[in-house]
Number of protein chains: 2
Amino acid sequence: MVEKQKDTVVGLFDSGIGGLTVMKTLMERFPQLSLVYLADTLRCPYGSRSVEAIIRYSIENLQWLIDHGAHIIVLACNTVSAVALSLLRSRFSIPIIGVIEPVVHEAVRVTKNRKIGIIGTARTINSGVYKQGICQQLPDATVVEVSSPLFVPMIEERVSPSIMKTVVHEYMRPCVEMGVDTLVLGCTHYPLLLPYLRDELPDCTIVNPSEVCSPMLDHILSEESMSAPVYEFFVSDNPDRFQQFGIDLLGWEIPVQQYYLHGTGV
Amino acid sequence: MVEKQKDTVVGLFDSGIGGLTVMKTLMERFPQLSLVYLADTLRCPYGSRSVEAIIRYSIENLQWLIDHGAHIIVLACNTVSAVALSLLRSRFSIPIIGVIEPVVHEAVRVTKNRKIGIIGTARTINSGVYKQGICQQLPDATVVEVSSPLFVPMIEERVSPSIMKTVVHEYMRPCVEMGVDTLVLGCTHYPLLLPYLRDELPDCTIVNPSEVCSPMLDHILSEESMSAPVYEFFVSDNPDRFQQFGIDLLGWEIPVQQYYLHGTGV
């Protein structure tokens, strides 16, 4: 009898809770797949950090996931995907899936009027990766880029619906005025704002990063290497708060553990 | 001839730019005093971190300031003052001034209808220090505590005036409804929102932490130990962004340097 191959483990990495939206999709699409989620909540939000800091943090966290048994990495964070993906691919030999390429591909596929809105953190928008990606494939596209740095703190801090609504309304104004027919959520936190975004742009197709990673992962995964799924969650600060988000978002009491990196200072 | 005593250096510590409001006041009130400002921008915002993380960071940063020549520390950060002041005083032998005690003293002094509003970060409000301090001195006071976690990111990210206005309006609603005659700014960032706060509460006395530290410092300082002031600014991430704030707030091109702590990971 041939010894059974060890189950494949996919490591998801985000600075906070946003990547849980990706995790949820992967749990639904690959019910046998084992997943380890790492959230660097101690150093969140990445969107406001320098490029040097983001690269350093990403290397540390990916190494931790690999040491912890991950065979494939999903960067469930647009800021890291935008700033560090190619560097991380050159540094680590295992497959690394970012959220930028599949999102760009989907936005180009679905737009009809070629007016595309992109919302993201300051760091992601300043990197220009989405606009470049879209314009390479669709040179006559009109791209409206909106840096929306309050969205992540709004979600992480669970602010009231009335504040959510007023802030979303303000940030969405340029996209509404331009008449975009496609809105790219350039951050894995943003699917948590979907009801508010749909109120502002009811006729728009929304490209959701949590939904577009699955086909890339499908290419890599082989059914043989999955049996019974194991889910683990590690955060660098505030495990209780993270657990509450997990209950809200995934619907069950996720087991959250604290991890310590050399360099995180706690 | 007696050798001249070395000039006194006061170290100011904040997680970000908020403490610059305190620095500005100290520069005006003590024009001969040398000041070193330390902003842990790499790990900002402290208001969302665990108590353990805030204590660890504060110890590291105070030690850095002392090693850098500070003789007196001003904690220009309410979150640190609320969570770590007594522990820091027991750990370090030099004078440490927090912003809580003088703010409480001033709020109790100025209120007439004994209805006092307090706005602060989630961590500061949850600590309950302001409410406890006020109610000890004024047991029949009505205290409205508002956790306003978006204010720091709003200021640090320089969001548009229209977003500032709508978010301030939402957060100030409980204070307006309660008819407070005194509003405590429980965060050194918040003086930067003064025009918006005054629009919402035009008849309210606003207790500004940047203005209440001076008397305590006055008690400690001796004129003899000051001659020509030296100003230094150190941040743990994004020095360029910090410099732009310095220009806006202090009106001159402040010389910002990056500092590296063991543990900050860059």
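Residues numbered from 1 in each chain as written. Chains lettered and ligands numbered in written order. Predicted model: local features only at pLDDT ≥ 70, side-chain atom pairs only at ≥ 80, totals over all residues.

Visitor: Please explain the overall build of chain A as it appears in this structure.
Guide: Of regular secondary structure, chain A possesses 12 helices and 10 strands. Principal-axis analysis of the C-alpha atoms gives chain A an extent of 60 × 35 × 35 Å. Pairs at least 24 residues apart make up 75% of the contacts formed inside chain A by residues separated by at least 6 positions. (Helix = DSSP H or I, 4+ residues; strand = E, 2+ residues; numbered from the N terminus. Contact = placed C-beta atoms within 7 Å.)

Visitor: I keep staring at the interface of chain B and chain A and nothing clicks. Help me out?
Guide: When the parts of a complex come together, some accessible area is lost, and that lost area is often taken as the interface size. Facing the 29 residues of chain B at the interface are 29 residues of chain A. For the side of chain B that touches chain A, the elements supplying multiple residues, two or more each, are helix 2 (51–67), helix 7 (151–156) and helix 8 (161–178) of chain B.

Visitor: Where do I start with the nonpolar core in this structure?
Guide: Here is a general trend for soluble globular proteins: nonpolar side chains tend to be buried in one another's company. L12 and L75 of chain A together with L12 and L75 of chain B are the most contacted members of the largest nonpolar core, which has 162 residues in total. Among the elements that line this core, the one with the most residues is helix 8 (residues 161–178) of chain A, at 7 residues. Excluding its chain neighbours within four sequence positions, the residues that come into contact with L75 of chain B are F13, V80, S81, L85, I96, I97, G98 and V99 of chain B. (Core = buried A, V, L, I, M, F, W, Y, C linked by C-beta atoms within 7 Å. Buried ≥ 20, exposed ≤ 12 C-beta atoms within 10 Å, placed from the backbone.)

Visitor: Whenever I open this one, the relation of the copies chain B and chain A confuses me. Can you help?
Guide: The two chain copies are related to each other by a rotation about an axis together with a translation along it. With an RMSD of 0.0 Å, the fit of chain B onto chain A corresponds to turning through 180 degrees and sliding 0.0 Å along the axis. Put plainly, the chains are arranged around a two-fold axis. Here 100% of the contact residues of chain B are again contact residues in chain A; the copies associate through an equivalent surface. (Least-squares fit on C-alpha atoms with pLDDT ≥ 70 in both.)

Visitor: Would you mind going over the packing of helix 4 (residues 100–110) of chain B against helix 6 (residues 129–137) of chain B with me for this structure?
Guide: For any two helices packed against each other, the geometry comes down to the angle between their axes and how far apart the axes lie. All names here are of chain B. One can describe the packing of helix 4 onto helix 6 by two numbers: an axis separation of 9 Å at closest approach and a directional angle of 45 degrees. The orientation of helix 4 with respect to helix 6, classified from their angle, is oblique. As helix 4 runs across helix 6, the sense of the crossing is right-handed. Here I100, V104, A107 and V108 of helix 4 lie close against helix 6, whose contacting residues are V129, Y130, G133, I134 and Q137. For the contact of helix 4 with helix 6, the per-class residue count stands at 7 nonpolar, 2 polar and no charged. (Axes fitted to C-alpha atoms, helices over the stretch in contact; angles between N-to-C directions. Parallel < 35°, antiparallel > 145°, perpendicular 65-115°, else oblique. Left-handed = near helix turned anticlockwise from the far one by under 90°. Nonpolar A, V, L, I, M, F, W, Y, C, P; charged D, E, K, R; others polar.)

Visitor: For this particular structure, what's the right way to read the domain arrangement of chain A?
Guide: All names here are of chain A. Per the domain assignment, the segments of chain A are domain 1 (9–98 + 213–258) and domain 2 (100–209). Distance between the C-alpha centres of domain 1 and domain 2: 22 Å. Facing 21 residues of domain 1, the contacting portion of domain 2 comprises 21 residues. Elements supplying a minimum of two residues to the side of domain 1 that touches domain 2: helix 1 (20–29) and helix 3 (78–91). Tallying contributions element by element places helix 3 first for the side of domain 1 that touches domain 2, with 5 residues. (Domains from an automatic or database assignment.)

Visitor: Looking at this structure, I do not really get helix 4 of chain B. What am I missing?
Guide: Think of an α-helix as turning once every 3.6 residues; residues three or four places apart then point the same way. Residues and elements named next belong to chain B. Along helix 4, the positions that sit buried rather than exposed are I100, V103, V104 and A107. Looking straight down helix 4, one finds its buried side chains confined to an arc of 100 degrees; they lie on one side. Next to the buried residues of helix 4 lie helix 3 (78–91), strand 5 (115–120), helix 6, strand 7 (182–186), strand 8 (205–207) and helix 10 (209–212). (Arc of directions from axis to C-beta.)

Visitor: I would appreciate a short explanation of the sheet that holds strand 2 (residues 34–39) of chain B in the present structure.
Guide: Strands belonging to one sheet form pairs held by backbone hydrogen bonds; the direction of such a pair is parallel or antiparallel. Residue and element names in this part refer to chain B. Spatial ordering of the open sheet is given by 4-3-1-2-9-10, a layout of 6 strands whose pairing is parallel. Strands at the two margins of the open sheet, each flanked by one partner only, are strand 4 (96–97) and strand 10 (256–258). Across 4 bridges, the pairing between strand 1 (residues 9–14) and strand 3 (residues 72–75) is parallel. Note that in strand 3 the partner of G11 across the bridge is I73. (Pairing = 2+ DSSP bridges.)

Visitor: Sorry if this is basic, but what is going on with the environment of H169 of chain B here?
Guide: Residues and elements named next belong to chain B. Note that H169 resides in helix 8. By the C-beta count within 10 Å, which is 16 here, H169 ends up partly exposed. On a C-alpha basis, the gap between H169 and Q136 in space is 30 Å, while along the polypeptide they are 33 residues apart.

Visitor: Whenever I open this one, unusual backbone geometry confuses me. Can you help?
Guide: Excluding glycine, most residues fall at negative phi; most peptide bonds, likewise, are trans. Each neighbour pair has its own omega, and for C44 of chain A with P45 of chain A the value is 0 degrees, a cis peptide bond. Mapping P45 of chain A onto the fold places it in the loop between strand 2 (34–39) and helix 2 (51–67). One non-glycine residue, R158 of chain A, lies in positive phi territory at about 50 degrees. By the element assignment, R158 of chain A lies in the loop between helix 7 (151–156) and helix 8. Phi angles above zero are rare outside glycine, and N238 of chain B is one such case at about 55 degrees.

Visitor: I keep staring at the sheet that holds strand 5 (residues 115–120) of chain A and nothing clicks. Help me out?
Guide: All names here are of chain A. Pairing is parallel in the open sheet, where 4 strands are placed in the order 6-5-7-8. Each edge of the sheet is formed by a strand with only one pairing partner; in this case those strands are strand 6 (142–147) and strand 8 (205–207). Direction aside, neighbouring strands of the sheet carry axes that sit 20 degrees apart on average. Here 6 bridges tie strand 5 to strand 6, and the two strands are oriented parallel to one another. Residue I118 lies in a different strand from strand 6, and its bridge partner there is E145. Sitting on the sheet, helix 6 (residues 129–137) touches strand 5, strand 6 and strand 7 (182–186), and the angle it makes with strand 6 is about 170 degrees.

Visitor: Help me understand the pairing of strand 1 (residues 9–14) of chain A, please; the structure alone is not making it clear to me.
Guide: Two faces belong to every sheet, and in a regular strand the side chains alternate between them. All names here are of chain A. The buried fraction of strand 1 amounts to 6 of the 6 residues, a majority that puts the element mostly inside the structure. Taking every second residue as pointing to the same face, both faces of strand 1 are buried, with V9, G11 and F13 on one and V10, L12 and D14 on the other. After leaving strand 1, the chain enters helix 1 and then returns to the sheet as strand 2, a path that is right-handed. (Right-handed = clockwise from strand over helix to strand, strands pointing away.)

Visitor: Whenever I open this one, the pairing of strand 2 of chain B confuses me. Can you help?
Guide: Residue and element names in this part refer to chain B. With respect to burial, strand 2 is a largely interior element, 6 of its 6 residues being buried. Of the two faces of strand 2, the one holding S34, V36 and L38 and the one holding L35, Y37 and A39 are both buried throughout. Both strand 1 and strand 2 contribute to a ladder of 6 bridges, which runs parallel. When the sheet's bridge partners are listed, F13 is paired in strand 2 with L38. Across 5 bridges, strand 2 lies against strand 9 (residues 231–235) in parallel orientation. Following the sheet pairing, V36 is matched in strand 9 by E232.

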